[in-house]
Amino acid sequence: MDFNEVAYTRPDPDAVIATAKAGAADMAQATSPEAALAVAKRMTAYFNDVDSAAIIANTRHTIDTRDAFYKQESDFWDNFEPQLDSATTDYLKAVLASPYQEALSEIYPKPFMLQAKNQLRTESPDVIGLKQQANALSSEYTNLIASAQIDFQGQTYTLAQLGPFRDDKNRAVRKAANEAYWGFFAQHEATFDRIYDDMVKTRTEIAHKLGFADYSAMSYAFMNRFDYDEAMVSTYRHEVLTKVVPLVQKQRAKQAARLGLDHLAYYDLGVQFTTGNPKPTGTSAELVATAQQMYHDMSPEAGEFFDKMVTDHLLDLLAKPGKASGGYCEFIPSLQAPFIFSNFNGTSDDVDVLTHEAGHAFQTYLARWIQPSGLQFPTFEAAEIFSMSMEFIAYPWMPKFFGDQTDKRLYSHLQSALEFLPYGILVDHFQHEVYTHPDWTPAQRKACWRELEQQYCPDKDYSENPDLARGIYWMRQGHIFESPFYYIDYTIAQVIAYQFWKRFNVDHDETAWTDYVTMAKAGGSKTLLELIKLGHLRSPFEPGALDSTLTAISEALDAVDDQAIDR
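Given the structure is predicted, the values throughout are model-derived calculations rather than measurements. (Residues numbered from 1 in each chain as written. Predicted model: local features only at pLDDT ≥ 70, side-chain atom pairs only at ≥ 80, totals over all residues. Heavy atoms only, no water.)

Helix and strand counts for the protein come out as 24 helices and five strands. Taken against the 2.2 N^0.38 rule, which gives 24 Å for 567 residues, the C-alpha radius of gyration of the protein at 23 Å falls within 12% of a compact globule. Projected onto its principal axes, the C-alpha coordinates of the protein cover approximately 75 × 55 × 50 Å. Considering the protein as a whole, with its 567 residues, one finds that 60% of them fall into the buried category. Residue pairs in contact within the protein that sit at least 24 positions apart in sequence constitute 75% of those at least 6 positions apart. (Helix = DSSP H or I, 4+ residues; strand = E, 2+ residues; numbered from the N terminus. Rg over C-alpha atoms; globule rule 2.2 N^0.38 Å. Buried < 20%, exposed > 50% of the residue type's maximum accessible area, 1.4 Å probe, protein only. Contact = heavy atoms within 4.5 Å.)

Below, the structure is given as structure tokens:
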């Protein structure tokens, strides 16, 4: 069904809550496996419809935050979703207490039951009002970012539209563009501080009311981190700090030499070559057409998937005024299809979207057989395996996107992926510090960010920008505001995706695609470590798990004459 023609109707809140309670009663009263399974099927279909309405409303709101109707609907869902989550807890209790677990497993795989247990730990009528406050604050942040109208070189741009200028090969242009970009955050610094301060206090109160020591401790439950704990994450952080950061600094030195600079200023970091970063060739429509052919080349089911995305207008890609920032993929149960949202701006990021977000979308498309809404995706860190791996799987098709700039694209993409790991760890570490020190002032938070930034990203020289030197960079990272603790997931997935990079592009392993598809189809029916085992991959939490892939990446980058490809 064409997304543009999909009707949206706001559900009646009282009816939804009443239906959830009736489902709980029916499940508790079921006297046979067949009866319990019938209730599960009925309630799953019902919840899928409700979730679909929420996704459609919020997607259309992010496409145009100025649309009054969907702004109103976004506000409605900010208010209603905590009530809905609370109402479903009675149903989940009945499911977990049912004596017919074997029959229910036909609908509800093990991760559903694990998530249900976590939801019971993180939901209570006592915190509905607080969660509504947190949602409202998150929306306020989204709308503030979307409202940006920045004057630059006689034109007005959104934050996303400034992207190409921030990485311009002309150093004066990129410096000025970065000053304009960060000037928006400095201008609104007090508002960002106030929003986040209120968020931290609200989320801390939620955690305390639910019996957690702090919101950081609570994150392991609401993020459904089934297979690992805080101690394992601490060890993983140390591995990145000691093994990856030195490799990044080595690459930064080569980058500075390519650019003819003694050292890199903060506005140089995003520029890899004196001739400019590789840019895709062709219009946005031509890039989509190239991606469509690429997915047909990969496999029949990949081609079928992308055809549907194009035909049913399940892509909204262009940056425009009023549009929310960033990019994402959702799966809409009522359509049995994913949706991709992005902000094309004429940079290589556009191709990243057509691989990264499409990797998410393809995975959920293959997992659409899973019935409960949300379980088409696996848990957060596992979901990112498919998006990040698709970026590497797509390497052989890069000449179709970048032409004679392909060598630059492959080199810069592999280097950027390496650089991302310490930054991703930094974002996670910062949030743990913030939520274990909820009484910090805004100034203390910014000081903490800068201290950690100097550990994980020592290459960031802010001597020419006192606002960044004071520690405001994190304000542009939407996940910190909108999806707390959803960031280390990218780094865990990146380490696993590197294994696919090696299998596809170094080892030319003929079983790699089969393993990728097998994992994708399993989706949320498996936990992270179960998916890793299914794909014949290695857990990133094993001692030395990064060693072999980091060696291969370092060798691959060193094998390239980076000065020669700067043309």
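Let's pick the thread back up.
Overall, the coordinates contain one cavity of 30 Å³ or more when judged by the stated rule. Estimates place the volume of the largest cavity at around 60 Å³. Around the largest cavity, the lining residues are Ile145, Ala146, Thr158, Leu159, Ala160, Lys320, Lys323, Ala324, Ser325 and Asn343. Split into classes, the residues belonging to the lining of the largest cavity amount to five nonpolar, three polar and two charged. (1 Å grid on protein atoms, 1.4 Å probe; cavity = no way out; pocket = protein on both sides within 12 Å on 5 of 7 lines; lining within 4 Å. Points joined across faces, edges and corners; volume = space filled by probe spheres on them. Nonpolar A, V, L, I, M, F, W, Y, C, P; charged D, E, K, R; others polar.)

Following the sequence through the fold, Ala190 ends up in helix α9 (residues 189-209). Of the residues examined, Ala190 reaches a relative accessible area of 60% and is grouped as exposed.

Our next topic: helix α5 (residues 110-122). The end-to-end C-alpha distance of α5, which contains 13 residues, comes to 19 Å, matching closely the 18 Å that a straight helix rising 1.5 Å per residue would cover. Listed as buried for α5 are Pro111, Phe112, Met113, Ala116, Asn118 and Thr122. Where α5 is buried, its residues touch α3 (68-97), α4 (101-104), α6 (128-146) and α10 (215-222). (Expected span 1.5 Å × (residues − 1).)

Okay, the packing of aromatic side chains next. According to the stated counting rule, one finds 59 aromatic pairs in the structure shown. Taken together, a centroid distance of 5.8 Å and an interplanar angle of 80 degrees make the contact between Phe500 and Tyr516 edge-to-face. You can see Phe500 sitting in helix α21 (residues 488-505) and its partner Tyr516 sitting in helix α22 (residues 512-522), a full 16 residues away along the chain. A single burial state applies to Phe500 and to Tyr516, both of which are buried. Above the face of the Phe3 ring, Arg60 is positioned so that its terminal group lies 4.8 Å from the ring centre. (Phe/Tyr/Trp six-rings, centres within 6.5 Å; stacked < 30°, edge-to-face > 60°. Lys NZ or Arg CZ within 6 Å of the ring centre and 35° of its normal.)

Let us now look at the sheet that holds strand β4 (residues 328-332). Spatial strand order, β3-β5-β4: three strands in an open sheet with mixed pairing. With one partner strand each, in any of the chains shown, β3 (315-318) and β4 form the two edges of the open sheet. For this sheet, the mean inter-axis angle between neighbouring strands, taken without regard to orientation, is 15 degrees. Sheet analysis places β4 next to strand β5 (residues 337-344), joined by five bridges and oriented antiparallel. If you follow Phe331 over to β5, its bridge partner there is Pro338. Seen against the sheet, helix α2 (residues 33-63) touches β3, β4 and β5 and runs at an angle of roughly 150 degrees to β4. In the packing of helix α14 (residues 349-366) onto the sheet, the strands contacted are β3, β4 and β5, and the crossing angle to β5 comes to about 165 degrees. (Pairing = 2+ DSSP bridges. Axes fitted to C-alpha atoms, helices over the stretch in contact; angles between N-to-C directions.)

Next up on the list: the nonpolar core. Ranked by internal contacts, the top residues of the largest apolar core, which has 166 residues, are Phe185, Tyr196, Tyr236 and Met298. In contact with Tyr196, other than residues within four places in its own chain, are Phe430, Val434, Tyr435, Arg445, Trp474, Ile480 and Phe481. (Core = buried A, V, L, I, M, F, W, Y, C linked by side-chain atoms within 4.5 Å.)

Let's shift gears to the packing of α14 against helix α15 (residues 380-393). For the pair α14 and α15, the least separation of the axes is 7 Å and the interaxial angle reads 140 degrees. By the angle between their axes, α14 is oblique relative to α15. Helix-helix and strand crossings are classified by hand; for α14 and α15 the assignment is right-handed. Taking contact as the criterion, the partners of Asp352, Thr355, His356, Gly359, His360, Phe362 and Gln363 in α14 are, on α15, Ala383, Glu384, Phe386, Ser387, Met388, Met390 and Glu391. Grouping the constituent residues of the contact of α14 with α15 by class yields five nonpolar, six polar and three charged. (Parallel < 35°, antiparallel > 145°, perpendicular 65-115°, else oblique. Left-handed = near helix turned anticlockwise from the far one by under 90°.)

Moving on to helix α1 (residues 13-29). For α1, which comprises 17 residues, the first-to-last C-alpha distance of 25 Å matches the rise-based estimate of 24 Å (1.5 Å per residue) to within 8%. For α1, the complete set of buried residues consists of Val16, Ala20, Gly23, Ala24 and Met27. For α1, the angular spread of buried residues about the axis comes to 100 degrees, placing them on one side. Of the exposed residues in α1, those oriented more than 90 degrees away from the buried face are Asp14, Ala28 and Gln29. Elements in contact with the buried residues of α1: α2, α3 and α4. (Arc of directions from axis to C-beta.)

Here we come to the pattern of salt bridges. This model, assessed by the stated rule, comprises 39 salt bridges. The closest approach of N and O atoms between Lys21 and Asp90, which form a salt bridge, is 3.6 Å. You can see Lys21 sitting in helix α1 and its partner Asp90 sitting in helix α3, a full 69 residues away along the chain. Ionic contacts of the salt-bridge type, sharing partners, join the residues Glu189, Asp193, Lys446, Asp467 and Arg470 into one network. (Salt bridge = Lys/Arg side-chain N within 4 Å of Asp/Glu carboxyl O.)

By themselves, these observations are geometric and do not establish any function.
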